[in-house]
Amino acid sequence: MADIHLAAPDTIRTGSVSGPVPEPLPAQPARARATTAASPAAPPPAEPPPVTPPPGGTSPGGTSPGGTSPATTAAAPSPGAAASAASSAVLLRVEGLGVSFAERGGIGRTRVLDGVELTVRPGEIVGIVGETGSGKTTLARAIAGLTPADRGQVELDGRDIARLRGRAQRRFRRGGAIQFVFQDPLRALDPELTLGESIGEGMAIAGTAGRARRAERVAGALAQVGLDPAVAERRPAQISGGQRQRASIARAIVAEPRLLLCDEPVSALDASNRNHILILLDELRRRFDLGIAVISHDLSSLAGIADRVVVLYRGRVVEDGPIADVFASPRHPYTALLIASAPDIHGRDRQAAAALRPAPDVDSQSVGPRPDARDRGGCVFAHRCPFATVDCDGAPPRVDAPGRSSGDWIAACHHLDTWRSHRAASAASTATATATATATATATATATARKETPL
Ligand SMILES: Nc1ncnc2c1ncn2[C@@H]1O[C@H](COP(=O)(O)OP(=O)(O)OP(=O)(O)O)[C@@H](O)[C@H]1O
Ligand code: SF4
Ligand SMILES: [Mg+2]
């Protein structure tokens, strides 16, 4: 899979979606508040110290929801990994979301997101996966209101925030209910400011807390992410990369958000720091009942912490369901290909990537990639899908998994019930072709050898 580095699609430095003014939300009894007072200056530890495990929760280096640590989940995303701390209430509901960008020269528009549906519950971690350019970052930005949507709804706690404009939009953004965590923490932390100033910047600009209260909340946020509050006096260049990402998360949570949007939050970190950050996110969602959407190319990392996964392909959701189920037995051919391409995800029904690539020799009269289907409004994957038929020239239906409640596990495909049998046929056909080719080569070699052998 491509190793993706987040492009900087905007000029926003702050971790807040609202620009530099994340005001704290009103106190919410269900959520803990940062209360640790600033302590005397002390050098920060070389390694991130452990965060305090929440009651009944995980411990750093310990286990994640399904009893698998992010370090090891690659090998074993168990169904239990999806055991969710989430409530049944919906925090974020995205419906029919569409985003398009003007093409160069101003003639026409390119549709980047089309009819995207997605939900996040309080306390739930939803992974968003898909190859580069599939629209993951655009989706996060559209949810946050940073990229305007031209269709659909984005509801937070039942309120359509995609329609907010002017003062109402500014007020919502200042509330800091949605916060971003970027791949590069320096997008959230001004290198010229101390960490304390960066983390407290929103409160300072909004005037919502005096100096002492700000310092108290900054120290509390640092402690929540497992950093010594003394690092508040340091600048971003004076701490490690892992500590910087923790500090950027502290900047996000100091505003007491409802929803955290994390765009490749660990891809720039080494394995050790990656695990620390993943465990931290897992703890934060439990402790604060935060809804978290994590965009990642690292399926194994997601398997360790996410409850659900949304698979995007060319701006459409092709599959959405409990991550353990989806990774163990993907229903959509693209999801299967994605998982087959991830060497460290071992699904119950592990796919052979080769069998999922175009196989025009299988019943080629009726089954095989259909290059123009997407242009006719059909399946976005049809130009690559070895199982496409003429049906795929039409928009695929979103189909619930058998025996599941509505919306629990959907996949958008015309041939959910049959593509696996085609895959088996493809594999058999490939095996036969390989055997035939081998036999032919052997016969040729034998004949050549006979010719060359002196009698
Ligand atoms: N501001 C913009 N103007 C025009 N096109 C854009 C803009 N932002 C994104 N795009 C296009 O939208 C598509 C989706 O981009 P996006 O950054 O959302 O993909 P992504 O899934 O996050 O990819 P990656 O994994 O590489 O980060 C790409 O083709 C990209 O070129
Ligand atoms: S709808 Fe057709 S082209 Fe699309 S994934 Fe399903 S079988 Fe393949
Ligand atoms: Mg991106």
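Note that the structure is predicted; figures quoted are calculated from it, not measured.

Novice: I'd like a rundown of the overall build of the protein chain, residues and numbers included.
Specialist: A tally of regular secondary structure across the protein chain gives 11 helices and 12 strands. In the protein chain, which comprises 455 residues, the share counted as buried stands at 49%. Within the protein chain, residue pairs in contact and separated by at least 24 positions form 67% of the contacts whose partners lie at least 6 positions apart.

Novice: How would you explain the sheet that holds strand 5 (residues 159-160) if you had to name every residue and give the values?
Specialist: The antiparallel open sheet is built from four strands, whose spatial order is 2-1-4-5. Only two strands of the sheet have a single neighbouring strand rather than two, namely strand 2 (109-120) and strand 5.

Novice: Before we move on, can you summarise unusual backbone geometry with the specific residues and values?
Specialist: Positioned with a positive phi, D289 is a non-glycine residue whose angle comes to about 60°. Considering the arrangement of structural elements, one finds D289 in the loop between helix 6 (271-288) and strand 8 (291-295). The class for D289 is buried, based on 21 C-beta atoms found within 10 Å. With phi around 45°, R314 is a residue other than glycine that occupies positive phi space. Checked against the element boundaries, R314 lands in the loop between strand 9 (308-313) and strand 10 (316-322). A count of 20 C-beta atoms within 10 Å places R314 in the buried class.

Novice: Can you break down the sheet that holds strand 6 (residues 178-181) residue by residue, with the values?
Specialist: In any sheet, the strands associate via hydrogen bonds between backbone groups, in a parallel or an antiparallel arrangement. Strand order in this open sheet of eight strands is 6-7-8-3-9-10-12-11, and the pairing throughout is mixed. Of all the strands in the sheet, just strand 6 and strand 11 (398-400) have a single pairing partner and so form its edges. Neighbour to neighbour, the strand axes of the sheet diverge by 20° on average, direction disregarded. Direction of pairing for strand 7 (residues 259-263) relative to strand 8: parallel, over a ladder of five bridges. Note that in strand 8 the partner of L259 across the bridge is G291. The strands touched by helix 1 (residues 136-144) within the sheet are strand 3 (125-129), strand 6, strand 7, strand 8 and strand 9, with strand 7 carrying the most contacts at an inclination of about 155°. Where helix 6 meets the sheet, its contacts fall on strand 3, strand 7 and strand 8, and the angle it forms with strand 8 comes to roughly 155°.

Novice: Describe the environment of E216, naming the residues involved and giving the relevant values.
Specialist: Position of E216 among the secondary structure elements: in helix 4 (residues 211-224). Sequence separation of E216 and G200 is 16 residues, and the distance between their C-alpha atoms is 9.8 Å.

Novice: Please provide a residue-by-residue account of the nonpolar core, values included.
Specialist: If you look at the biggest cluster of nonpolar residues, it comprises 105 residues, and the most contacted ones within it are L222, A250, L261, L281, V294 and V311. At seven residues, helix 6 tops the list of elements feeding residues into this core. When residues of this core are assigned to domains, at least three fall in each of domain 1 (73-327) and domain 2 (358-455). Aside from chain neighbours lying at most four places away, what touches L261 is A140, I143, A144, I178, F180 and A293.

Novice: I'd like to hear about helix 4, residue by residue, with values.
Specialist: Taking 1.5 Å of rise per residue, the 14 residues of helix 4 would be expected to cover 20 Å, and the 20 Å separating its terminal C-alpha atoms lies within 8% of that figure. Among the residues of helix 4, R214, R217, V218, A219, G220, A221, L222, A223 and Q224 are the ones counted as buried. The inward-facing, buried residues of helix 4 contact helix 3 (195-206) and helix 5 (241-253). Positive phi shows up at G226, right after helix 4, with a value of about 85°.

Novice: Report on the packing of helix 3 against helix 5, specifying residues and quantitative values.
Specialist: How two helices pack is summed up by the angle between their axes together with the distance between the axes. Packing of helix 3 against helix 5 brings their axes to within 8 Å, and their N-to-C directions diverge by 25°. In terms of axis orientation, helix 3 runs roughly parallel to helix 5. The crossing of helix 3 and helix 5 is right-handed. Residue-level contacts link L195, S198 and I199 of helix 3 to A247, A250 and R251 of helix 5.

Novice: Which residues make up the pairing of strand 3, and what values go with them?
Specialist: Most of strand 3 sits inside the fold, with five of its five residues counted as buried. Side-chain alternation along strand 3 places I125, G127 and V129 on one buried face and V126 and I128 on a second face that is also buried. Pairing of strand 3 with strand 8, which is carried by four bridges, proceeds in the parallel orientation. Within strand 8, the position partnered with I128 by the bridge is I295.

Novice: Can you lay out the pairing of strand 9 for me, pointing to particular residues and giving the numbers?
Specialist: Looking down a regular strand, the side chains alternate between one sheet face and the other. Summarising burial for strand 9: six of the six residues are buried, a large majority. Of the two faces of strand 9, both are covered, the one formed by R308, V310 and L312 as well as the one formed by V309, V311 and Y313. Bridge count for strand 3 against strand 9 is four bridges, and the pairing is parallel. Bridging from a neighbouring strand, V129 pairs with V311 of strand 9. Examined bridge by bridge, strand 9 and strand 10 share six bridges and lie antiparallel to one another.

Novice: Requested: an account of the confidence of the model for the protein chain, with residues and values cited.
Specialist: Any region with low pLDDT has predicted coordinates that should not be read closely. Averaged over every residue, the pLDDT of the protein chain is 77; the share at 70 or more is 68%. Counted against residues more than four places away or in other chains, residues 448-455, with its pLDDT under 50, gives zero contacts.

The rules behind these values
As a convention, each chain's residues are numbered from 1 in the sequence order in which they are written. Both sets of labels track the order of writing: A upward for chains, 1 upward for ligands. Restriction of local features to residues with pLDDT of at least 70 applies here, the model being predicted, together with a cutoff of 80 or more for giving and counting side-chain atom pairs; totals for whole chains, interfaces and linings are based on all residues. Every helix listed is a DSSP run of H or I at least four residues long, and every strand listed is a run of E at least two residues long, numbered separately from the N terminus. Any residue with 12 or fewer other C-beta atoms within 10 Å of its own C-beta is exposed, any with 20 or more is buried, and the rest are partly exposed; the C-beta atoms used are placed from the backbone. By definition, residue pairs are in contact when their C-beta atoms, positioned from the backbone, come within 7 Å. For two strands to count as paired, DSSP must find a minimum of two bridges between them. Axis definition: a line fit to C-alpha positions, over the contact stretch in the case of helices; interaxial angles, taken between N-to-C directions, run 0 to 180 degrees. For this analysis, nonpolar core means a set of buried Ala, Val, Leu, Ile, Met, Phe, Trp, Tyr and Cys residues linked through C-beta atoms within 7 Å. Note that domain bounds follow an automatic or database assignment of domains. In this scheme, a helix's expected span is set at 1.5 Å multiplied by one less than its residue total. Angular relationships are summarised with four words: roughly parallel below 35 degrees, roughly antiparallel beyond 145, roughly perpendicular across 65 to 115, and oblique for the angles in between. Each crossing gets its handedness from the near helix: less than a right angle anticlockwise from the far helix is left-handed, clockwise is right-handed. The predictor's confidence in any single residue is recorded as pLDDT, a number from 0 to 100.

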